[in-house]
Amino acid sequence: MSFFLTDAEWAAITLSLQVASLAIAIALPPAVLLGYVLARWKFPGHTLVNALVHLPIVLPPVVTGYVLLILFGRQGALGSFFADVFGIVFAFRWTGAALAAGIMAFPLIIRPVKLSFELSDGQLEEAAYSLGTSRLKTFLLITLPLALPGILSGAVLGFAKAMGEFGATITFVSNIPGETRTLSLALYTEMQSLSGDAGAIRLTVIAIVVSISALVLSELVSRRLSRRLGGQHD
Amino acid sequence: MSFFLTDAEWAAITLSLQVASLAIAIALPPAVLLGYVLARWKFPGHTLVNALVHLPIVLPPVVTGYVLLILFGRQGALGSFFADVFGIVFAFRWTGAALAAGIMAFPLIIRPVKLSFELSDGQLEEAAYSLGTSRLKTFLLITLPLALPGILSGAVLGFAKAMGEFGATITFVSNIPGETRTLSLALYTEMQSLSGDAGAIRLTVIAIVVSISALVLSELVSRRLSRRLGGQHD
Amino acid sequence: MIDLDISSRVGDFSLSAKFAVNSGITAIFGRSGAGKSSLIRMIAGLAAPDAGRIVLAEQVVFDRDRSINVPIQQRGVGMVFQDSRLFPHMNVERNLLYSQWAAGRNSGVGLGEIAELLGISHLLKRRPFGLSGGEKQRVAIGRALLSNPKVLVLDEPLASLDASRKAEILPYLLKLKNEFGIPMLYVSHSLGEIEQLADTLVLLDQGSVVAYGPIAQMLSNLELPQLVNGPDAGSLLFAKFSQYDTHWQMTEFSLEGQKLFLPGQLGTVGQDARIRIKAKDVALARKVPEQASVRNVLCVCIEGITETAGPYAEVDCRVGEQHLRARLTRHSVHELQLAAGQEVFALVKSVALDQ
Amino acid sequence: MIDLDISSRVGDFSLSAKFAVNSGITAIFGRSGAGKSSLIRMIAGLAAPDAGRIVLAEQVVFDRDRSINVPIQQRGVGMVFQDSRLFPHMNVERNLLYSQWAAGRNSGVGLGEIAELLGISHLLKRRPFGLSGGEKQRVAIGRALLSNPKVLVLDEPLASLDASRKAEILPYLLKLKNEFGIPMLYVSHSLGEIEQLADTLVLLDQGSVVAYGPIAQMLSNLELPQLVNGPDAGSLLFAKFSQYDTHWQMTEFSLEGQKLFLPGQLGTVGQDARIRIKAKDVALARKVPEQASVRNVLCVCIEGITETAGPYAEVDCRVGEQHLRARLTRHSVHELQLAAGQEVFALVKSVALDQ
Amino acid sequence: GGSAPSFAQDQEHILVFAASSLKDVLEDAGAKFDASHNTKTEFSFGGSQVVSRHVIAGAPADVLVTADDAWMALAAENGAVVNDSVVPLASNGLVLVGSNTLGAAPFELNNEALQIALAGGRLAIGEPETVPVGRYGKEALTHLGLWRGIAHQLAPMENVRIALAAAARGEVPLALVYSSDAKSEHGVRVVAEIPQGSHRTIVIPGALTSTHSKSSEQFMGFLKSAEGQAIFQAHGFKVSGD
Ligand SMILES: Nc1ncnc2c1ncn2[C@@H]1O[C@H](COP(=O)(O)OP(=O)(O)OP(=O)(O)O)[C@@H](O)[C@H]1O
Ligand SMILES: Nc1ncnc2c1ncn2[C@@H]1O[C@H](COP(=O)(O)OP(=O)(O)OP(=O)(O)O)[C@@H](O)[C@H]1O
Ligand SMILES: [Mg+2]
Ligand SMILES: [Mg+2]
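Residues numbered from 1 in each chain as written. Chains lettered and ligands numbered in written order. Predicted model: local features only at pLDDT ≥ 70, side-chain atom pairs only at ≥ 80, totals over all residues. Heavy atoms only, no water.

**A short note on the coordination of the magnesium ion (ligand 3)**
Residue and element names in this part refer to chain C.
Moving on, step 1. Bound to the magnesium ion (ligand 3) are the protein donor atoms S37 (OG) and Q82 (OE1), situated 1.9 to 2.4 Å from the metal. Of the two residues, S37 sits in helix α1 (residues 36-44) while Q82 sits in the loop between β7 (77-80) and α3 (92-96), which places them 45 residues apart along the sequence.
Moving on, step 2. Since its relative accessible area comes to 23%, S37 is described here as partly exposed.
Moving on, step 3. Classification of Q82 by relative accessible area gives partly exposed; the value is 26%. (Donors = N, O, S within 2.8 Å, 3.2 Å for Na, K, Ca; no water. Helix = DSSP H or I, 4+ residues; strand = E, 2+ residues; numbered from the N terminus. Buried < 20%, exposed > 50% of the residue type's maximum accessible area, 1.4 Å probe, protein only.)

Structure representation (structure tokens):
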């Protein structure tokens, strides 16, 4: 492949995959937990939280990116906290791109997750309780595996979003080659060129091929996992 | 309210709601159909179609917008077809904004929809067949209502996306006050201006309030509908 | 009604069935896992066999060789599933009337009548969620009945019902057969139900049809008792209604020239009746007992005695043209010195008879 | 074992129950929709009553006034649900062993033994999807048994099983009670099962406990027959094993100084036994019949005769200290001129007895 | 970051934050500079607002180049760029281009001619409030007394590239773009020049950031050198020597 792809393109591809994977790793656990809470618990403000979860897609990505820049920038409250305590810097780093992509993907992940927790009716959990497993264990052994199709569905959707994320990313971590210039940003940059569409079209094709391959792969993996753990369809 | 909101803001709000509603109306029926097909039918290329559906979120919105401009512009193949045959013009019109938002929302709608078709196991359809209803009627009377939680979940997610859509919209139909300047575009415009953050913050608050209200409302409506038609939880 | 010869394989389980039965009620009987549900799914059109053909009510609905596979909607099969499969998003009434408003079928019987019979009138406005197990099953039965089926297929419909509810519904199913002429396929593991309902019995074991035939013949089949669990084996006798005594509320039947008394008014003069007598309810005596409450004493002729390895002996007797089986202990057979060819008296406590 | 006084309301349905029962097997009996499942859900801790208290095995597990509500995990209740509720994402073996690997519970019985008994050894590697109705229920029973419960709660566990499978599992449940001393709550609508299993009977009707008490007492309760559907009413008699005749394979019991014969070897010398005799299986005679296969002739004393509106009369008899009921036709009562105080002979065909 | 592709170790990296509209010219200059220096010049492109905000927020940039004065001034105000390093690198003019597909022809710039040329269509322009080319365009059209007549016939675009593309494809009959842009797109032709005096001079300011590296000073020098200015000229920009 690297015969046909330039170094810069190759860098953008690996960076995109890396960013999207980290984004999902960051966003999935809280999405699953919050999805469960929203699906199964009733509490005051439930509907509000449910709506607030959608904020990252309701606002223009630039706004989200800007808010991230303010919060997680070098001078930002959270940014300096993470830098001082964990030594993690987000600003203008690929980790920041992953953070942005994860946050933008969050609402997309949580919806199918929540849905699949809603659709299972708790009867199997009752059986598990009666067999002596605690709430936590039951969640891990019964509820979670049964919600797997939804979790994987959300993860695939979120992964796609993370691959394509652009507005929040460029606003938060800029468009630095090799560090934050993902395939999406590279494509955007190429589109700014006045010297013709060739580069942009080339990158569009690359972005499509890479993303679709990644999606097909994740779809296959998730279908297999689903079949193994979910067992609804043998 | 109009005491406190400027005319331009007011116009952007109503336009956003109008655009998002039309976007959902455009995107929902094909998403439901394709979701059903992908969930229940096996055919060669299934996995590929499944992945291709994600294209609008995998690519940077500007690319999608640009492609829309090429296809649905006055000179575009589809654009001139719609203009000649149906008298519908998309270019630089709010209908175009709705088209862009609908296309961007499509992948977000189809995922939960597909998921909920996957999760119902066809046993109730068997019962309906045995009672004499055709495949189509069974789909409409049994399958569809039972998938309602997923359809509504997808619709809410899609609506949120449509409210926030920005990149494809500005690229395709530009940023014309009163015609295509939705809340998102207004907010973007405000954010980019040199004249300070005050206007941007004001618009951000407006965007959040409007979107969250719309989401809370749609959540309430969908929960009620779900309860009435789905009946899983009484 | 049904003529089939099919074979099919799912996982480790293979099913092969070949039988032909006429109208009336056909019972499919077999142990758990024998393949009863699988078989009726193929008959109804919910699954396709790997090979073979199915003829249902004179119509070839499936033929692998000729690539015929009539869809379930056109087979006119009303199904009651083992799990009730009510539509959760409709109330009980909408469920019951589903095939009327959704498929435009019109049933000869009314909603009110069925709901009353099944004891679900008070549930009409409820959703299936929260109904008790038996309530769900009753609604499912009602829904199938109201779909005006050409053939009714029931998969253990009464298993979750209490005896008195069962006793109420059984006669109704009989009435459906007799008055509306709806043939039925009835899956059950209760020989009691089957004896009361069925005209034909198909015996399934480990995926194969072991035997099938008219119920009376099947019930006096010697191999049957082992398969169908001893205590329920018995004989079916055909008798004629002769008169009803209103004071004592007893019905007199004539059976091969002899008299049988059953409590209750059980028919009209000249009508045919079938009377089931469990082998274990029949005692034999060489003399007619005096001053005993045993009302029914039939003069029978011993045809043969089969001693089992256990404590029992099966004594086959003839009453005129019909057969009656008695199950005694070997000890009794020995004490009474019973032997084939003897004329003895069969004692049946009247109330031990069922119709 | 259980002492409760609770009330609850869901929708239109209100349940109120107050009873105390001791260890052994307690049957909860009632018609479909009577509230059986609702009641045991509260006892198990799956639902909370609106008011009242529940004491389970000496522990207060629920008390509304003192805000006690022990979670189900700590109640030690093994449940078999009306719908089997197997975990679809685990194979049968993982399902069976769930409480061992997931909750660290250790049962005294082994997987192999249970699987063998329930006839599911060949299914261990299968997923629940595709199991037949009865297979699922057997796995569910096994899963509960293997969870080492303090109390076993079974909601119509045998309804979907065939008679021979039932007949195999019932003694095993008895064994669990006798050998492991596991108390059970057993929901059933089959009086036959209950009579064979239960020590105590709780009768539920339309959400209220109509009566409860020791099974023998309940079965000779006059109101019971109407509730429990006529044909199954009967008496329970306590007898002692006296000897076994190996040649004829007959067991002799002594009942209040008289003899009773049952086929098969049914115990060891001196052991207590309980014998169930259906009222409809008892005939009365003023003379001992001669040369008849009726082995069991008990000398009884008529205590009272209740004529019903129908063709029947219930005749209550005393055998020593115990009660035996016979159901005759009014006609027979009249013909034999039976009356309270008379000494008569109760004829019970030996094989009509069950243990 | 662990993801950065490996370059020769001894090369020095220069990171330039620049307005997207300068992509072609700056990449050209960067390549020529690298060829004669042991450097690797890289660019992060975005809107002028985005890149200047990033530099203010402490982005690891060495050089900032914006498409107009205002955003550079903001960066200078915030001390993000070295104040006395701010220099105009080139300047630009404005033109109206017409769509070749719609058969555009040059015209005299007045209200009537403009309306005729638009023929009911829209004028693509950079967003007048935010995008520099839009801001200059609005200033010029206002000055020429044309703004009121077409204010509701605009198609404000997010960047000049899209405006140009819209004209090239015939989606709009006219677009107002930099004169430097007009050269590279074959689908359009210049139909009217906007007089220089109708708007402030369009300068392309460049500056060293407060955290710039040594070799970036050389790069800035290169851009101001005759060789650098020639590159700007070749891409259609005006340079001070003109
Ligand atoms: N998909 C499958 N894969 C493997 N075996 C299967 C599958 N589906 C059904 N079987 C097996 O086929 C056999 C017959 O099942 P079926 O449901 O027809 O039994 P049944 O006679 O209706 O039993 P029950 O009385 O318990 O309902 C069972 O042993 C079951 O495990
Ligand atoms: N959520 C609810 N709303 C209204 N009524 C309910 C609800 N849940 C249960 N019921 C009613 O409570 C009654 C008792 O139900 P339950 O399941 O306890 O009956 P059951 O005795 O177990 O019957 P079966 O033998 O048929 O299983 C039923 O009539 C049922 O309709
Ligand atoms: Mg079955
Ligand atoms: Mg129940």
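Still more ground to cover, so stick around.
**Describing the side chain of D:H89**
Moving on, step 1. Among the secondary structure elements, D:H89 is positioned in the loop between β7 (77-80) and α3 (92-96).
Moving on, step 2. The exposure class assigned to D:H89 is buried, which follows from its relative accessible area of 8%.
Moving on, step 3. A distance of 2.8 Å separates the side chain of D:H89 from the backbone oxygen of A:L141, its partner in a polar contact. (Polar contact = N/O pair within 3.5 Å; in protein donor to acceptor, adjacent residues only side chain to side chain.)

**A few points about the arrangement of the chains**
Moving on, step 1. Where the six pairs of chains in contact are concerned, the greatest contact count is recorded for chains C and D.
Moving on, step 2. For chain A and chain C, which are not in contact, the least C-alpha distance works out to 11 Å.
Moving on, step 3. The two units chain D and chain E are non-contacting; their minimal C-alpha-C-alpha distance is 39 Å. (Contact = heavy atoms within 4.5 Å.)

**Observations regarding the site of ligand 2**
Moving on, step 1. Taken together, 20 residues sit near ligand 2, with C:S132, C:G134, C:E135, D:S37 and D:S38 positioned nearest.
Moving on, step 2. At ligand 2, the nearby residues belong to more than one chain, namely chains C and D.
Moving on, step 3. In this structure, an oxygen atom belonging to ligand 2 sits 2.7 Å away from a side-chain N or O atom of C:R126.
Moving on, step 4. Within the side chain of D:E156, one N or O atom sits 2.9 Å away from an oxygen atom of ligand 2. (Near = heavy atom within 4 Å.)

**Concerning the pairing of strand β3 (residues 25-30) of chain C**
Residue and element names in this part refer to chain C.
Moving on, step 1. Where burial is concerned, most of β3 is hidden: six out of the six residues are buried.
Moving on, step 2. Side chains I25, A27 and F29 of β3 all project onto a buried face; the interleaved residues T26, I28 and G30 project onto the opposite face, where all are buried too.
Moving on, step 3. Sheet analysis places β3 next to strand β9 (residues 184-188), joined by five bridges and oriented parallel. For T26, the partnering residue across the bridge sits in β9 and is L185.
Moving on, step 4. In this sheet, strand β10 (residues 200-205) lies alongside β3 in parallel orientation, the contact comprising five bridges. Along β10, the bridge assignment pairs A27 with L201. (Pairing = 2+ DSSP bridges.)

**So, unusual backbone geometry**
Moving on, step 1. Even without being glycine, B:F92 reaches a positive phi, approximately 55°.
Moving on, step 2. By the element assignment, B:F92 lies in the loop between α5 (77-86) and α6 (94-119).
Moving on, step 3. In this structure B:F92 comes out as buried when scored by relative accessible area, which is 3%.
Moving on, step 4. Its identity is not glycine, yet D:E156 carries a phi of approximately 45°, on the positive side.

**Some thoughts on the UniProt feature "transmembrane region" (unreviewed entry) in chain A**
All names here are of chain A.
Moving on, step 1. If you check UniProt for "transmembrane region" (unreviewed entry), the listed places come out as residues 12-39, 51-73, 85-110, 139-160 and 200-221 in our numbering.
Moving on, step 2. Counted over residues 51-73, helix gives 78% and strand 0%. Its end C-alpha atoms are 26 Å apart.
Moving on, step 3. Strand forms 0% of residues 85-110 and helix 69%; the C-alpha atoms that close the span are 29 Å apart. (UniProt positions renumbered as here; feature names shortened; annotations may be inferred.)

**Brief notes about the sheet that holds strand β9 (residues 188-193) of chain E**
Residue and element names in this part refer to chain E.
Moving on, step 1. Within the open sheet, the five strands sit side by side as β7-β6-β8-β5-β9. Their pairing is mixed. A single partner strand is all that each edge strand has here, and the edge strands are β7 (154-157) and β9. Between one strand axis and the next, the sheet turns by 35° as a mean value, whatever way the strands run.
Moving on, step 2. Summarising the sheet, strand β6 (residues 123-126) and β7 pair through four bridges and their orientation is parallel. Residue pairing for β7: L123 is matched across the bridge by L154.
Moving on, step 3. This element, helix α5 (residues 132-143), spans β5 (94-99), β6 and β8 (174-178) of the sheet and lies at about 110° to β8. (Axes fitted to C-alpha atoms, helices over the stretch in contact; angles between N-to-C directions.)

**A word on the packing of helix α8 (residues 135-146) of chain B against helix α9 (residues 148-164) of chain B**
Residues and elements named next belong to chain B.
Moving on, step 1. Taken N-terminus to C-terminus, the directions of α8 and α9 make an angle of 60°; their axes are 4 Å apart at the nearest point. Classified by the angle their axes make, α8 and α9 are oblique. Listed contacts from α9 to L144, P145 and L146 of α8 are L148, P149 and I151.
Moving on, step 2. Classifying every residue of the contact of α8 with α9 by side-chain character gives six nonpolar, no polar and no charged. (Parallel < 35°, antiparallel > 145°, perpendicular 65-115°, else oblique. Nonpolar A, V, L, I, M, F, W, Y, C, P; charged D, E, K, R; others polar.)

**A short note on the sheet that holds strand β19 (residues 322-329) of chain D**
Adjacent strands of a sheet form backbone hydrogen bonds with each other and so pair up, either parallel or antiparallel.
Residues and elements named next belong to chain D.
Moving on, step 1. Taken in spatial order, the five strands line up as β16-β20-β17-β18-β19 in an open sheet, and their pairing is antiparallel. Pairing within the sheet leaves two strands with one partner each, and these edge strands are β16 (282-285) and β19. Ignoring which end each strand starts from, the neighbouring axes of this sheet average 45° apart.

**Regarding the packing of aromatic side chains**
Moving on, step 1. What the rule picks out here adds up to 32 aromatic pairs over all chains.
Moving on, step 2. With centroids separated by 5.7 Å and ring planes inclined at 85°, the aromatic side chains of A:F81 and A:F82 adopt a geometry described as edge-to-face.
Moving on, step 3. Of the residues examined, A:F81 reaches a relative accessible area of 41% and is grouped as partly exposed.
Moving on, step 4. In textbook terms, an aromatic cluster arises when at least three aromatic residues are bridged by ring pairs, as seen for A:F72, A:F81, A:F82, A:F86 and A:F90.
Moving on, step 5. For the cation-ring pair, C:R295 lies above C:F261, with the distance from its terminal atom to the ring centre recorded as 5.0 Å. (Phe/Tyr/Trp six-rings, centres within 6.5 Å; stacked < 30°, edge-to-face > 60°. Lys NZ or Arg CZ within 6 Å of the ring centre and 35° of its normal.)

**Quick look at the interface of chain D and chain C**
Moving on, step 1. Chain D puts 60 residues into the contact, and the matching count from chain C is 60 residues.
Moving on, step 2. Seen at the junction of chain D and chain C, the total is four salt bridges.
Moving on, step 3. Among the salt bridges present, the one from D:E335 reaches C:R295, with a minimum N-O distance of 2.8 Å.
Moving on, step 4. For the pair chain D and chain C, the number of links is 16 residue pairs in polar contact (both at pLDDT 80 or more).
Moving on, step 5. Elements represented by at least two residues in the side of chain D that touches chain C include exactly α6 (133-145), α7 (163-180), β16, β19 and α11 (330-336) of chain D. (Salt bridge = Lys/Arg side-chain N within 4 Å of Asp/Glu carboxyl O.)

**Topic: the relation of the copies chain D and chain C**
Moving on, step 1. Of the two same-sequence chains, chain D is brought onto chain C (RMSD 0.2 Å, axial shift 0.0 Å) by a rotation of 180°. What the superposition gives is, in effect, a two-fold axis relating one chain to the other.
Moving on, step 2. Interface overlap between copies is the fraction of interface residues in one copy that are interface residues in the other; for chain D against chain C it reaches 98%, indicating a shared surface. (Least-squares fit on C-alpha atoms with pLDDT ≥ 70 in both.)

**A look at a nonpolar patch on the surface**
Residues and elements named next belong to chain A.
Moving on, step 1. Judged by side-chain polarity, V67, L71, L78, F81, V85, F86 and I88 come together as a nonpolar surface patch covering roughly 570 Å² of accessible area.
Moving on, step 2. Breaking the nonpolar patch down by element, the ones donating at least two residues are α4 (61-72) and α5 (77-85).
Moving on, step 3. One can find V67 in helix α4.
Moving on, step 4. Given a relative accessible area of 40%, V67 falls into the partly exposed group. (Patch = residues over 30% accessible without salt bridge, like charges linked within 9 Å, V, L, I, M, F, W, Y side chains within 5 Å. Areas by Shrake-Rupley, 256 points an atom, 1.4 Å probe, with all protein chains shown as cover.)

**Quick look at the interface of chain A and chain B**
Moving on, step 1. Listed per partner, the contact involves 51 residues of chain A and 52 residues of chain B.
Moving on, step 2. Together, the buried faces of chain A and chain B total about 4500 Å²; carbon and sulfur atoms form 75% of this surface.
Moving on, step 3. Considering only the side of chain A, the residues that lose the most area to chain B are A:V58, A:R111 and A:L119, jointly responsible for 13% of the buried surface there.
Moving on, step 4. The interface formed by chain A and chain B contains four residue pairs in polar contact (both at pLDDT 80 or more).
Moving on, step 5. At the level of secondary structure, the elements contributing two or more residues to the side of chain A that touches chain B comprise α2 (46-52), α3 (55-58), α4, α6 (94-119), α9 (148-164), α11 (183-192) and α12 (198-230) of chain A. (Buried area = accessible area lost by both parts, 1.4 Å probe.)

**Concerning the site of ligand 1**
Moving on, step 1. Among the 20 residues in the neighbourhood of ligand 1, the closest are listed as C:S37, C:S38, D:S132, D:G134 and D:E135.
Moving on, step 2. In this structure, ligand 1 sits where chains C and D come together, each supplying nearby residues.
Moving on, step 3. One of the side-chain N or O atoms of C:E156 is found 2.9 Å from an oxygen atom in ligand 1.
Moving on, step 4. Burial of ligand 1 by the protein chains amounts to 88% of its free accessible area of 650 Å².
Moving on, step 5. Counting residues per element, the ones that place at least two in the shell around ligand 1 are α1 of chain C together with α6 of chain D.
Moving on, step 6. In the shell around ligand 1, the residues fall into four nonpolar, 11 polar and five charged.

**A short note on the relation of the copies chain A and chain B**
Moving on, step 1. The transformation that overlays chain A on chain B combines an axial shift of 0.0 Å with a rotation of 180°, and the residual RMSD is 0.2 Å.
Moving on, step 2. Most of the interface of chain A is mirrored in chain B, where 100% of its interface residues again form contacts.

**Looking at the packing of α6(A) against α9(B)**
Moving on, step 1. At a minimum axis distance of 10 Å, the contact between α6(A) and α9(B) shows a crossing angle of 160°. Considered as vectors, α6(A) and α9(B) are oriented roughly antiparallel to each other. As for how α6(A) packs across α9(B), the hand of that crossing is right-handed. Residues A:P107, A:L108, A:R111, A:L115 and A:L119 of α6(A) form the contact with α9(B), whose participating residues are B:P149, B:G150, B:S153, B:V156 and B:L157.
Moving on, step 2. Of the residues in the contact of α6(A) with α9(B), the class split is seven nonpolar, two polar and one charged. (Left-handed = near helix turned anticlockwise from the far one by under 90°.)

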